[in-house]
Amino acid sequence: MTTRPVTRRSAVLGITAAAAALAWPRLSRAQSTARVVVVGGGFGGAACARALKRAQADLQVILIEPNAVFTSCPFSNEVIAGLRDIEAQQFSHDKLAANGVTMIDQAVTTIEPRLRSVMTADGVVMPYDRLVLSPGIDFRFEALPGYDDAASEKMPHAWKAGAQTLLLRRQLEAMDDGGTVAIAIPANPSRCPPAPYERASLIAHYLKTRKPRSKVLLLDAKDNFPQQRLFEKAWKELYGDMIERVGLSQGGRATSVDPSTKTIITEFGNYTPDVANVIPPQRAGRIAEAAGATDATGWCPIDPVTFESKLVKNVHVIGDACLGGGIPKSASAASAQGKACAAAIVALLGSRAPETPRLTGICYNTVAPGYGFSLAGNYQPRGNIFAEVEGGATSPVDAPRELRAREATEAERWFETITADTFG
Ligand SMILES: Cc1cc2nc3c(=O)[nH]c(=O)nc-3n(C[C@H](O)[C@H](O)[C@H](O)COP(=O)(O)OP(=O)(O)OC[C@H]3O[C@@H](n4cnc5c(N)ncnc54)[C@H](O)[C@@H]3O)c2cc1C
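Residues numbered from 1 in each chain as written. Predicted model: local features only at pLDDT ≥ 70, side-chain atom pairs only at ≥ 80, totals over all residues. Heavy atoms only, no water.

J.: Would you take a moment to explain the pairing of strand S12 (residues 180-185) for this structure?
T.: In summary, the side chains of a regular strand alternate between the two faces of the sheet. Along S12, five of the six residues are buried, which leaves the element largely enclosed by surrounding structure. In this fold, the crossover linking S12 to strand S13 (residues 215-220) by way of helix H7 (residues 195-210) has right-handed handedness. Across four bridges, S12 lies against strand S18 (residues 275-278) in parallel orientation. By the bridge assignment for S18, Val181 is matched with Val275. (Buried < 20%, exposed > 50% of the residue type's maximum accessible area, 1.4 Å probe, protein only. Helix = DSSP H or I, 4+ residues; strand = E, 2+ residues; numbered from the N terminus. Right-handed = clockwise from strand over helix to strand, strands pointing away. Pairing = 2+ DSSP bridges.)

Shown next as structure tokens:
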């Protein structure tokens, strides 16, 4: 995170904390058009900021994100398995800035919904008419005793892409042939439910080609997972008995860890693998809680038509942080939500009724180079959540290898398209 002195630009946008103690000025309608502040420049926030500016060019759109370069989780499992460089995962926000979005490279530290303003780490206060939160996830360390940021340096989660992704890759590279890689998988809701199984597959691919006497052990807090039959068929076909899974009812849920010995303690027994990839239980990004937008689940309830928080007025929540119901926490969903939220905000600012969104998401899983499958869904508001509606599709379990190869290529094309659409 970078902390800059208050620049002329930040002084124009807001005021410092010291001045804020005296007054929190707001632009009046006569002075300016409406201002929308977006927190988080990942798949949801960047898509939303861009769509807001496209829909209404004279809107002031401010995107606040501490990282100058965003590192994408989709396709980071390929980086772990040595199939891709981390640079291929990295995207700047320069194009958004060129398209009129004001970028602030800071973290938001405080949100004052009553005053309709946010404050960044450098003490600048910015008023808003509407606020969009897309902070992704944070971890519920309290739900996994022994695990914290320090433990993640020994037992990486690699569930936020970047340094953690590279750490897990280095640990795999350093492991001797014949070693065991354990992946502790949390219960739902969590970011991208199929991704742990894709990770297990690609790690098995790495081991099969470089350290064939090794094993992958999944310690799972769930009994069932998305596209299970497709994964299990592929594992048997490609990796024999290299991948072993202990599900919830067999005692697979991790209950604590001991980072000093790299031990994962489960309901059934203790495991001390050579490489321990521990994915902790999750909740909405911390700033959502600071805004008062989370409920007892740790996630943010929303009105699925407008994405407005059920708990805080004029604050909208999109992406992994929101309680989306049937819609999975994915980049695909975050991007679709970002665009639909932008349309709703433009309608609300113009005193028009927002349209009911219909969101489309697709999730690809790559289990080896040239071997992929997918799950597509359509979602519409039902009550306070999104429910899946007709028109979804999953890859068939029995399909020729040509189809698997085609879907692996489509997965790469999907990644190029969504990143170009969001950051390009
Ligand atoms: C291994 C893995 C593989 C995945 N593969 C896929 C896939 O193939 N397809 C798919 O669709 N999805 C995939 N996902 C899921 C996808 O990465 C997430 O669902 C998606 O990134 C969610 O978007 P978001 O905007 O909610 O959060 P993010 O994209 O994580 O963006 C959140 C941003 O908010 C910023 N932020 C947080 N707090 C603050 C603050 N206080 N102030 C300012 N900024 C802040 C963060 O720095 C971050 O840049 C995968 C996830 C993982 C872990």
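Having seen the structure, we can now continue with the description.
J.: Help me understand the side chain of Ser330 in this model?
T.: Tracing the backbone through its elements, the reader meets Ser330 in the loop between strand S20 (315-317) and helix H10 (331-349). In terms of polar contacts, Ser330 uses its side chain to reach the backbone amide nitrogen of Ala333, at 3.0 Å. (Polar contact = N/O pair within 3.5 Å; in protein donor to acceptor, adjacent residues only side chain to side chain.)

J.: Teacher, can you tell me more about the pattern of salt bridges here?
T.: Two side chains of opposite charge can pair, provided their charged atoms sit close to one another. Applying the stated criterion across every chain yields a total of 17 salt bridges. Measuring nitrogen to oxygen at the nearest pair gives 3.6 Å for the salt bridge that ties Asp177 to Arg213. Residue Asp177 is located in the loop between helix H6 (163-174) and S12, and its partner Arg213 is located in the loop between H7 and S13; the two are separated by 36 residues in the primary sequence. Relative accessible area serves as the criterion here: at 30%, Asp177 is assigned to the partly exposed category. Among the residues examined, Arg213 registers a relative accessible area of 60% and is labelled exposed. (Salt bridge = Lys/Arg side-chain N within 4 Å of Asp/Glu carboxyl O.)

J.: Just to check I follow, could you spell out the domain arrangement of the protein for this structure?
T.: The accessible area lost on association of the parts is a frequent measure of interface size. What the domain assignment reports for the protein is domain 1 (8-138 + 283-356) and domain 2 (141-280). The interface is formed by 21 residues belonging to domain 1 together with 23 residues belonging to domain 2. The contact between domain 1 and domain 2 buries some 1900 Å² in all, and 62% of this surface belongs to carbon and sulfur atoms. It is Asn77, Ile80 and Ile137 in domain 1 that bury the most area against domain 2; as a group they hold 34% of the surface buried on that side. (Domains from an automatic or database assignment. Contact = heavy atoms within 4.5 Å. Buried area = accessible area lost by both parts, 1.4 Å probe.)

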